[in-house]
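# Descriptive analysis of the structure
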Amino acid sequence: MPNDLPIRKIIHVDMDAFYASVAQLDNPDLIGKAIAVGGGGSRGVISAASYEARKFGVKSAMSGRLALKLCPELIFVKTDFDRYKDISQKVRAIFYDYTDLVEPLSLDEAYLDVTENKKGNPSASLLAQDIRTRIKAEVGLTASAGISINKFIAKVASDCNKPNGQKTVNPEEVLQFLEDLDIRKFYGVGKVTAEKMYQKGIFTGKDLKSKSLEYLDNHFGKSGTYYYHVVRGIHNSEVKPNRIRKSLAAERTFSENLSSEIFMLEKLNHIAEEVAKRLSKSKVSGKTVTLKIKYSDFSLQTRSKTLPYFISEKAIILETTKDLLYQEKLNNSVRLLGISLSNLNTEDHRKKSTEVKEKPVSVQLRFEF
C-alpha cells in the first residue's frame, strides 16, 4: 500500500458572529443584546445575527419580519462592509505572523497551514490558541478554531466549541471523530442531500462509511467519491494562499415585488453596471452570465448562458441578461434579481485529473499534534 499521504497541520479560524460582533464592538450599548445585521424594513433579509438573537431562532438569510416575530426585542443594525474589510485585514495580518500559507474563505474565516511555521512551534493547537488570544487583544473580537490533519476536518472542528473556543482532532482521533459525526455536520452536505441520505439510512459518518464507493457514486453522482474519501480522513486539498476567484456577482432585493419585465430591465441595468464596475476593479472578465431570480414565494431560479469569448463590458452583460430574462415565462412576481459572471479568465483551464486515489491514513495517524 502507498504510504505517502501528505502530512499537514491545518488550522481553520472562524470569527464568531462576525458582522454582529463588529457592530457590538463599535457600539458597546449593543453588547449582550439580540441584534441582526441587515433585515430592516418590511422586506429586508438578515445577513447575520448575534448569539443572543440566535437563541430565539434568528439566523442569516431570514426575513427581518419573521426574525422580529421570533424575537420582538431584536435590534436591527446596518451593514458596513468597509468596516468589516478593515477588521478582516487586521485579523489576516495576525495570521501572516505565523505562516504565509493562509487561504481566506471570506472576510471572517481562513485556513492556515502551520506544518512549518514562523514561530517554530510544533504544536498546532498552541498556535491556534495564541492566534485567538492575539485577535481578542489586538482587534477586540473572539474567534473559534479547528485543528486537524486536513482542511475538511479542521473546518468541521471549528464549529464544535463556538463561540470563543477551539477543538483539536488529533491524528489518532480522526477516524472515530468522523464516524460519530452527524451527517448534517459534514461540510458539503446540504439540507437536500441530508434528507436523501436519511432516506437511505445514512445518519452518521459510520453509516456513510459502511457504503461502498460504487453505491455512493450511483446515488450521489460525482459527490459520491468525495463522501467516500472524506469519511475515511482522506482530503488532500492544500491550503492555497492565492485563491482564484471563480465568479463575481451583484444582486438587489426590491421593496416591492416586480411583475413587469420592463421594470426588471431597469433594475438589471443598475445591477449590470455594478457587476461591470467590480470586474473592472478586479481586472477580470468572464464567459458565463447567470441571471438569478428569487420569486415572491422565495423559490429560486437561475438561467445561464456561456459566450464563446470573455466579456466585462456592461452593455454585453446587460444584453445577455436580457436574453436570459425573456428565455422563458416568469413563474411569479419577483423580489430579487442578481447577475453573476463566472468561467473567469483568472481560472486555470488546464486539464486536471479528477481521479482521487484511495490512500491509507496510517502516516497521518502517527503524526504528533
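Residues numbered from 1 in each chain as written. Predicted model: local features only at pLDDT ≥ 70, side-chain atom pairs only at ≥ 80, totals over all residues. Heavy atoms only, no water.

## Describing the pattern of salt bridges
For the structure shown, the criterion picks out 16 salt bridges. Among the salt bridges present, the one from glutamate 238 reaches arginine 8, with a minimum N-O distance of 3.6 Å. Of this pair, glutamate 238 sits in the loop between helix 11 (223–230) and strand 9 (247–258) while arginine 8 sits in the segment before strand 1 (10–15); the two residues are 230 residues apart in sequence, bridging distant segments of the chain. (Salt bridge = Lys/Arg side-chain N within 4 Å of Asp/Glu carboxyl O. Helix = DSSP H or I, 4+ residues; strand = E, 2+ residues; numbered from the N terminus.)

## Some points on the sheet that holds strand 10 (residues 286–295)
Strand pairing in a sheet relies on backbone hydrogen bonds, with the paired strands running either antiparallel or parallel. In space, the 4 strands of this open sheet follow the order 9-12-10-11, with antiparallel pairing throughout. Strand pairing shows two members of the sheet lacking a second neighbour, strand 9 and strand 11 (300–311), which therefore form its edges. Along the sheet, successive strands turn relative to each other by an average axial angle of 15°, direction set aside. Against the sheet, helix 12 (residues 261–282) engages strand 9, strand 10, strand 11 and strand 12 (334–344), with an angle of about 155° to strand 9. (Pairing = 2+ DSSP bridges. Axes fitted to C-alpha atoms, helices over the stretch in contact; angles between N-to-C directions. Contact = heavy atoms within 4.5 Å.)

## Comments concerning the sheet that holds strand 2 (residues 35–38)
If you trace the 3 strands from one edge of the open sheet to the other, you get 3-2-4, paired in mixed fashion. Looking at the sheet topology across the chains shown, the edges are occupied by strand 3 (46–49) and strand 4 (75–77). Strand-to-strand twist in this sheet, taken as the mean axis angle between neighbours without regard to direction, amounts to 30°. Along the sheet, helix 1 (residues 18–26) contacts strand 2, strand 3 and strand 4; its crossing angle with strand 2, the most-contacted strand, is approximately 110°.

## Some remarks on the packing of helix 10 (residues 213–220) against helix 11
Look at helix 10 against helix 11: their axes get within 7 Å of each other, and the N-to-C directions meet at 140°. Judged by the inter-axis angle, helix 10 sits oblique to helix 11. As helix 10 runs across helix 11, the sense of the crossing is right-handed. Contacts from Leu213, Leu216, Asp217 and Phe220 of helix 10 reach helix 11 at Ser223, Gly224, Thr225, Tyr227 and Tyr228. Residue composition of the contact of helix 10 with helix 11, grouped by class: 5 nonpolar, 3 polar and 1 charged. (Parallel < 35°, antiparallel > 145°, perpendicular 65-115°, else oblique. Left-handed = near helix turned anticlockwise from the far one by under 90°. Nonpolar A, V, L, I, M, F, W, Y, C, P; charged D, E, K, R; others polar.)

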